[in-house]
Amino acid sequence: MKHTAKRSEQVIHALFFLLGMVAVACVILITVYLVFSGLPAILQIGPGPFLTGKVWASTAAQPQYGILPFILSSLAGTAGAILLGLPVGFLTALYLAKLAPPRIRALLGQAVSVLAGIPSVVYGLVGMMVLVPAVRSLFGVPDGAGLLSAIIVLAIMILPSIVKMTVTALNAVPQEYEAASLALGATAEETWVRVTIPAARSGIAAAVVLGVGRAIGESMAVMMVAGNAPNLPDSLFQSVRFLTTAVASEMSYSSGLQQQALFSIALVLFLFIMLLNALLNFILKGENKL
Amino acid sequence: MMMTSSPRRPLVPLVRVLSLLAAGLTALLTLFLIGYILLQGLPHLSWELVSTSPSYISQRVGILPDLLNTLYITLTTLLFVLPLGVGAAVYLTEYASSRRLAGAIEYAAEALAGIPSIIYGLVGMLLFSNTLGTSLMAGALTLVIMNLPTIMRNTQESLKTVPQSYREGAFGLGAGKWRVIRTVVLPNCLEGVVTGCILSVGRILGESAALLFTAGFAHTANDFFTALSSPGATLTVALYVYAKEQGEFGAAFAIAAILMLLALAINLLATLSAKFFQRRNAS
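Here the residue numbers are simple positions, counted from 1 along each chain's written sequence. For naming, the first written chain is A and the first written ligand is 1, with later ones following in the order written. Confidence filtering applies because this is a predicted model: local features only for residues at pLDDT of at least 70, side-chain atom pairs given and counted only at 80 or more, and all residues used for totals across whole chains, interfaces and linings. The basis for every side-chain value is the complete set of heavy atoms in the structure, and neither hydrogens nor water enter the calculation.

Student: Is there a simple way to explain the side chain of S273 of chain B in this structure?
Tutor: Residue and element names in this part refer to chain B. For the purposes of this entry, the term helix denotes a DSSP run of H or I that reaches at least four residues, the term strand denotes a run of E that reaches at least two, and both are numbered from the N terminus. Turning to its location among the elements, S273 is positioned in helix α13 (residues 249–282). For S273, a relative accessible area of 12% puts it in the buried group. Here a residue-residue contact requires only that any non-hydrogen atoms of the pair lie within 4.5 Å. Residues in contact with S273, not counting those within four places in the same chain, are V194 and I198. Residue burial is assigned from relative accessible area. The probe radius is 1.4 Å, only protein chains are included, and a residue is buried under 20% of its type maximum, exposed over 50%, and partly exposed in between.

Student: Would you mind going over the environment of N267 of chain B with me for this structure?
Tutor: Looking at where N267 of chain B falls in the secondary structure, it is placed in helix α13. Sequence-wise, N267 of chain B and T76 of chain B are 191 residues apart; in three dimensions their C-alpha atoms are separated by 22 Å. When residues no more than four places from it in sequence are discounted, the contact partners of N267 of chain B are Q110, S113 and V114 of chain A.

Student: Explain the domain arrangement of chain A to me, please; I cannot follow it from the model alone.
Tutor: It is common to report an interface's size as the accessible area lost on association of the parts. Residues and elements named next belong to chain A. Start and end points for every domain follow an automatic or database-based domain assignment. What the domain assignment lists for chain A is domain 1 (2–52) and domain 2 (67–289). Look at where the C-alpha atoms of domain 1 and domain 2 centre, and you get two points 29 Å apart. Opposite the 15 residues of domain 1 that make contact, domain 2 presents 13 residues. Buried area, as used here, totals the accessible surface that two parts lose on assembly, with accessibility defined by a 1.4 Å probe and the loss added over both. Summing the contributions of domain 1 and of domain 2, the shared interface buries around 1200 Å²; its carbon and sulfur component is 77%. Among the residues of domain 1 in contact with domain 2, L34, F50 and L51 are the three that bury the most area, contributing 42% of the side total. Just to be clear on terms, a salt bridge is a Lys or Arg side-chain nitrogen sitting within 4 Å of an Asp or Glu carboxyl oxygen. Linking domain 1 with domain 2 are zero salt bridges, by the criterion used here. Pairs of N or O atoms are called polar contacts if they sit within 3.5 Å, as long as, within protein, a hydrogen donor faces a hydrogen acceptor (for residues adjacent in sequence, only side-chain-to-side-chain pairs). Along the contact surface separating domain 1 from domain 2 lie two residue pairs in polar contact (both at pLDDT 80 or more). Residues are grouped as follows: nonpolar covers Ala, Val, Leu, Ile, Met, Phe, Trp, Tyr, Cys and Pro; charged covers Asp, Glu, Lys and Arg; every other residue, Gly included, is treated as polar. Here the residues of the side of domain 1 that touches domain 2 sort into 10 nonpolar, five polar and no charged.

Student: I would appreciate a short explanation of the interface of chain B and chain A in the present structure.
Tutor: Listed as interface residues are 78 residues of chain B and, on the opposing side, 75 residues of chain A. Summing both sides of the interface, chain B and chain A together bury roughly 6800 Å²; the carbon and sulfur share of this comes to 80%. Across the chain B-chain A interface, the total number found is one salt bridge. Among the ionic pairs, R16 of chain B bridges to E189 of chain A, the shortest N-O distance being 2.7 Å. Our count for the contact surface shared by chain B and chain A stands at seven residue pairs in polar contact (both at pLDDT 80 or more). Ranked by residues supplied to the side of chain B that touches chain A, first place goes to helix α1 (residues 11–41) of chain B with 19 residues. For the side of chain B that touches chain A, the per-class residue count stands at 59 nonpolar, 12 polar and seven charged.

Student: How should I be thinking about the pattern of salt bridges in this particular structure?
Tutor: Proximity of charged atoms lets side chains of opposite charge pair with each other. Following the criterion strictly, the structure yields five salt bridges over all chains and no others. Salt-bridge contacts for E178 of chain A lead to K98 of chain A; the nearest nitrogen and oxygen are separated by 2.8 Å. Remark: K98 of chain A occurs in helix α3 (residues 68–99) and E178 of chain A occurs in helix α7 (residues 175–183); sequence separation between them is 80 residues. The class of E178 of chain A is buried, set by a relative accessible area of 11%. The exposure class assigned to K98 of chain A is partly exposed, which follows from its relative accessible area of 22%. In this structure, E94 of chain B engages R167 of chain B in a salt bridge whose closest nitrogen and oxygen atoms are separated by 2.8 Å. Of this pair, E94 of chain B sits in helix α3 (residues 64–95) while R167 of chain B sits in helix α7 (residues 164–172); the two residues are 73 residues apart in sequence, bridging distant segments of the chain.

Student: Is there a simple way to think about the state of the cysteines in this case?
Tutor: Each disulfide is one covalent bond, formed between the sulfur atoms of two cysteines. Defined by distance alone, a disulfide is two cysteine sulfur atoms within 2.5 Å. For the structure shown, the criterion picks out zero disulfides over all chains. C26 of chain A carries a free sulfur, and the closest cysteine sulfur to it, the one in C197 of chain B, is 18 Å from it. For C26 of chain A, a relative accessible area of 11% gives the class buried. C197 of chain B takes part in no disulfide bond, and the closest cysteine sulfur, belonging to C189 of chain B, lies 11 Å away. In this structure C197 of chain B comes out as buried when scored by relative accessible area, which is 17%.

Student: Hey, could you run me through the packing of aromatic side chains in this one?
Tutor: Aromatic pairing here means that ring centres of Phe, Tyr or Trp (its six-membered ring) are within 6.5 Å. Orientation follows from the plane angle: under 30 degrees is stacked, over 60 is edge-to-face, and everything else is tilted. The tally for this structure, following the rule as stated, stands at 12 aromatic pairs over all chains. Measuring from ring centre to ring centre gives 5.5 Å for F32 of chain B and Y36 of chain B, while their planes differ by 25°; the resulting arrangement is stacked. Of this pair, F32 of chain B and Y36 of chain B both sit in helix α1, four residues apart, which is roughly one turn of that helix. For F32 of chain B, a relative accessible area of 40% gives the class partly exposed. Centroid distance F224 of chain B to F225 of chain B: 5.1 Å. Interplanar angle 75°. Geometry classified as edge-to-face. Note on F225 of chain B: relative accessible area 63%, which makes it exposed. Each member of the aromatic cluster is reached from another via a ring pair, and the members are F16 and F17 of chain A together with Y91, Y95 and W178 of chain B. A ring has a charge above it when a Lys NZ or an Arg CZ is no more than 6 Å from the ring centre and no more than 35 degrees off the ring normal. When the ring centre of Y95 of chain B is taken as reference, the NZ or CZ atom of K177 of chain B above it lies at 5.1 Å.

Following this line, the structure appears as structure tokens:
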């Protein structure tokens, strides 16, 4: 009797161990699949021409597979989104954490959660119908679908993550720090700028990294507003294709080397994301050590 | 630091004004998005639209199949991800004795949470669509991997709040590990499971890139089991196809309005459940 009870405990332990390992197995599986399906095309095209080639003409008679336009567009779009979204998100978070009366804090907190819950295709739709025509008529360009529209949509989409992370970081600063600063005669504003924000810097840095990750990984909304032509991002109104949309836009009809090259683009994107993950982990670990 | 700095800069009080402006902008943006989508979408929302399938012959756009597919894929995903996620969380908090192993599992979950959905779409296509065919099942399995970290993390958070003394009491009464987990630990992690479910449903409803190449675009209304083995578009994928490829903006806005209402409902549900558990924990 006792023996069987022990045996069954062992079986259950093993079962939970397997369930625990599912996440690890998934990460390994995804990595292996991406490397195995992404490497062949990179090797065939050559890492140099693939990564630094300026022309993507996958369906031409003489196909060319250079993904520099995608890399640069993704980077420009992400940088622009952070440039716009970070100040607004950061200041909104400061308002939420320090200034807002309780009722407004609750309402605005809800608003930010709603913003986070809106599906990316809905952002894309509003971008297509409102933003793209607005950019066209405001700046007098022939087509409003391009880098600027993508930047604005992404800036709005990363806003909730930046606000939430920053609020958490600001609220985590010990009350004593602020009390000490106030006791020394500093005003409330001076305390926030000189004490609270510097003390919360690693959390704020994490918010930025998270925002970068979301912006660089977004595909559907970008697909709907960025114009989707494989150009180098040499102007804000250029029709561009990001790493994500490069994969999405040709996947359904591609085959052979073209399809393999799409997997290679996904591999490059994956490496970017893994690098960001490591950076995020490093920032948050550093915070715990303090 | 304060003494050596220049005389109090007038810039500093500006912080108050700027943050008020930014908060106002965020609030306006949210109000605009909700208002615009509902105003544009609700007029197109009719009983005919939500109760029929699209037909080329009568040039009718109907989103019944997309509604059904969304429901099916949500249920199927939860059915798979709940045991996996809860099980993994139980392993981490109750069994894992090696810190390194637990660290590796948590790192893996973080990595999964950061992977963009288009990459899930590709891997799902290779792993599931190539074996099961482009189908709702392939889409659901892809979403299972995506939502695993959400369920895991929320369950784990609430398992951590179960007092150690509960476990010790049960062990002291002679219960085995599994019995303790079943009778003491699991009933107390309901809050995390519910929160995780709500968040996951929100993510599943909003997901599109991961489903495009795994679940496909078909608009056929099927029963549950037929649907699982056949391709089908969810609401988000249908919105994308209608807006980007077919120029059917009426249908696209109608779907957007439904998605917006669902997002609002999920937000409300999350708030209510948080309040409910707060009250229950307090009493």
